[in-house]
Amino acid sequence: MSSEKTKSFEENIARLEEIVSQLEKGDAKLADSLTLFEEGTKLASLCASMLDEAEQTVVKLQKGPDGEPVELPFGVEE
């Protein structure tokens, strides 16, 4: 699990979906289920962080004083 940070958001979500599917089957040994659960919670946290980062980089366009579009950080109101 050392390379989640180098994987894309989509790759991490796909792995998280695999883990959920395996856990939902209910046929894994307890120790394996716990390991999967731990990996899943780490991936969920990482994905949430990645989404937060992406949200912080989103910009919205607003008209400037001259009528031209201006980029402002997301959430900034004039």
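Every value quoted in this text rests on a predicted model; they were computed, and no experiment measured them. (Residues numbered from 1 in each chain as written. Predicted model: local features only at pLDDT ≥ 70, side-chain atom pairs only at ≥ 80, totals over all residues. Heavy atoms only, no water.)

A. Structural detail: the overall build of the protein. A count of helices and strands for the protein gives 2 helices and 2 strands. Along the protein, from the amino end to the carboxyl end, the secondary structure elements read α-α-β-β. Taken across its 78 residues, the protein has 18% of its residues classed as buried. Accessible area for the protein stands at about 6200 Å²; split by element, carbon and sulfur atoms hold 55% of it. (Helix = DSSP H or I, 4+ residues; strand = E, 2+ residues; numbered from the N terminus. Buried < 20%, exposed > 50% of the residue type's maximum accessible area, 1.4 Å probe, protein only. Areas by Shrake-Rupley, 256 points an atom, 1.4 Å probe, with all protein chains shown as cover.)

B. Broad picture of the environment of serine 49. For serine 49, the position within the fold is in helix H2 (residues 30–57). Judged by its relative accessible area of 38%, serine 49 is partly exposed. Taking C-alpha positions, serine 49 is 9.9 Å from phenylalanine 9, a pair spaced 40 residues apart along the chain.

C. Representation of the pattern of salt bridges in the model. Enumeration over the complete set of coordinates arrives at 3 salt bridges. Here arginine 15 ties to glutamate 39 by a salt bridge, and the two come within 2.9 Å at their closest N and O atoms. Pair noted here: arginine 15 is in helix H1 (residues 9–25) and glutamate 39 is in helix H2, with a separation of 24 residues, a long-range link. Classification of arginine 15 as partly exposed rests on a relative accessible area of 23%. Assessed through its relative accessible area of 15%, glutamate 39 is described here as buried. (Salt bridge = Lys/Arg side-chain N within 4 Å of Asp/Glu carboxyl O.)

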